[in-house]
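Chain residues, written in single-letter form:
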Amino acid sequence: MANRISVRWKMWHGAGQAGQSVQWFALGFIFLFYNQVLGLSGTLTGIGVSIAVVFDAVSDPIVGSWSDAFRSRWGRRHPFLFASILPMGLFFVALFSPPSGLDEFTLFLWFTVFNILSKTALTIFGVPYLALGAEVSGDYVERTGIASYRSIIGEGSSLLVAAIGWNFFFVSTKSNPNPQLTEEPYFLFALASALVMIILMLASSWRTMDVIPKLPNLPPTGFSFKKVYTDLFEALHGLSFRSLFLGNLVCTIYWGTSGAMALHLKTFFWELDSFGIQWWHYAGVMGGICGIPFTPWFNRVLDKKWTVILGVVVCVVAATLPVALALIGLMPDDKNLLVPLLVFFAFLGTFGIRPVGVTIASMMGDMADEHELRHGTRQEGVYFAAFNFAEKCTGSLGPLFAGIAIDIVGLTPNSVPGEVTTEVLSNFGMVYIVIAIAVLFAIWVFWPYDLDKTRHSEIVRQLANRKKTNLTDNRTINQVTRTENDD
């Protein structure tokens, strides 16, 4: 189809990112809620998240391959989008609404089961949704634009949920300066978050249906569980995909661990009240919103590989430098100085990392073009699913490491900010810093990626020539057939 996609379509498509963005934003709340508020140990909380992520990872390639092979009058992707939205919202609310009086093991089961269900429902939406954004255009730069709108609107949905949460539900008072450590606000916060996700995802699915007749119309490939993993290993044969795939695995361990520990860090290590935490969240979201529009420029000047490498470095430095400075006594104790500094570093970190996510989504479409040239099929669903599969399998280690670390350093459930010992806080900070070292290895793994703009342009040219040749051959065959019939 045509490479130029309207801004209106990009914006409606971007609205679907609300599901992924809001659920990711909620991860820190889920971990704190079950660990500190409900009393589930850090290790069991981490295990619960990890089990759910592994189930989610297994479902990714299945959904991706299934949607690639699916055919209906609503296209390959949209039936999956519509089927998943309402169950995802219901399971998400249930995750924050365990019955009272559960013992620790039953609470662990509730947490794990509804985490699995909400993530699986989101996968049924997310993988076809990302594939739709990649297949709607074959242009190297246009794909970055589509991913940029998706990320900006996703960040906006996170900002909306953060504003609702911190201004209506988690509001500090003199009698309760840390409302995130009490149970009452969580149900209404989850309900509001689910409504935001459902409304935006439904709108996105409905308003993007106009492209269905214009999408690539390739022969059906069929679906089988064996084919799911055949496609997965076939994708790994490409050097570019393998480099991006493995490098992202390492980064995902870091992001999963630091993300699960983030609200603990803000509440106990920095001892921020809800005002400080909400401005940290706002700065993180605004950093992403400001950084994403620079992504096409970064891609043109640096190319996509270097956008990813430099963005990861900026993110990790911004996240860990304040903690390192605090451990050696170089961060201020005065909250009037500390909060603005933390807000600045939060802004800088997401300014660096959000273009990485946009760029990787754009790279997936480029690699699908390379796959089509080699194998004659378009499998955006498999590429996104394979990437998510490994990302989530490895990402499950992050929350597990975070939960174990929280228990090992001695940050017990129902801890009180300001009353945790200096030794526990120092150990917590050291763990937070050490996990960043893994990212240095990720940079080395990213290095071999070689699908730059010049090579992609050549791939697109060869695909266009092949299509012209096939069209000419088909016309010749049809003419010969008509001649023989006339005779």
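Structural notes, computed from the coordinates. (Residues numbered from 1 in each chain as written. Predicted model: local features only at pLDDT ≥ 70, side-chain atom pairs only at ≥ 80, totals over all residues. Heavy atoms only, no water.)

1. Observations regarding the overall build of the protein
Move 1: Looking only at helices and strands, the protein features 17 helices and 0 strands.
Move 2: The buried share of the protein, reckoned over its 487 residues, is 55%.
Move 3: Taking the contacts inside the protein whose residues are at least 6 apart along the sequence as the reference set, 85% of them involve residues at least 24 apart. (Helix = DSSP H or I, 4+ residues; strand = E, 2+ residues; numbered from the N terminus. Buried < 20%, exposed > 50% of the residue type's maximum accessible area, 1.4 Å probe, protein only. Contact = heavy atoms within 4.5 Å.)

2. Re the nonpolar core
Move 1: In this structure, Phe-29, Phe-96 and Trp-270 are the most contacted members of the largest nonpolar core, which totals 69 residues.
Move 2: Once residues within four sequence positions are removed from consideration, Phe-96 is found in contact with Ala-26, Phe-29, Ile-30, Phe-33, Tyr-186 and Ala-190.
Move 3: Grouped together as the second largest cluster of nonpolar side chains are 29 residues, Phe-241, Met-364, Leu-373 and Ala-436 included. (Core = buried A, V, L, I, M, F, W, Y, C linked by side-chain atoms within 4.5 Å.)

3. Observations concerning the pattern of salt bridges
Move 1: All chains considered together, the criterion is met by 5 salt bridges.
Move 2: For the salt bridge of Glu-135 with Arg-77, the shortest nitrogen-to-oxygen distance reads 3.1 Å. Taken together, the residues span a long stretch of sequence, with Glu-135 in helix H5 (residues 104–135) and Arg-77 in the loop between helix H3 (42–69) and helix H4 (78–95) at a distance of 58 residues.
Move 3: Judged by relative accessible area, Glu-135 falls into the buried class, the value being 4%. (Salt bridge = Lys/Arg side-chain N within 4 Å of Asp/Glu carboxyl O.)

4. Re the side chain of Ser-84
Move 1: Here Ser-84 shows up in helix H4.
Move 2: Judged by its relative accessible area of 2%, Ser-84 falls in the buried class.
Move 3: A polar contact is formed between the side chain of Ser-84 and the backbone oxygen of Phe-80, at a distance of 3.2 Å.
Move 4: Once residues lying within four places of it in the same chain are set aside, the contact partners of Ser-84 are Ala-121, Ile-124 and Phe-125. (Polar contact = N/O pair within 3.5 Å; in protein donor to acceptor, adjacent residues only side chain to side chain.)

5. Overview of a nonpolar patch on the surface
Move 1: Together, Phe-294, Trp-297, Val-301, Leu-302, Trp-306, Leu-310 and Trp-447 make up an exposed nonpolar region whose accessible area comes to about 670 Å².
Move 2: Relative accessible area serves as the criterion here: at 44%, Trp-297 is assigned to the partly exposed category. (Patch = residues over 30% accessible without salt bridge, like charges linked within 9 Å, V, L, I, M, F, W, Y side chains within 5 Å. Areas by Shrake-Rupley, 256 points an atom, 1.4 Å probe, with all protein chains shown as cover.)

6. Things to note about the packing of aromatic side chains
Each aromatic ring pair is specified by the distance between its two centres and by the angle formed by the two planes.
Move 1: What the rule picks out here adds up to 29 aromatic pairs.
Move 2: Three or more aromatic residues link up through ring pairs in this structure, and these residues are Phe-25, Phe-29, Phe-33, Tyr-34, Phe-92, Phe-96, Phe-111, Trp-166, Phe-170, Tyr-186 and Phe-189. (Phe/Tyr/Trp six-rings, centres within 6.5 Å; stacked < 30°, edge-to-face > 60°.)

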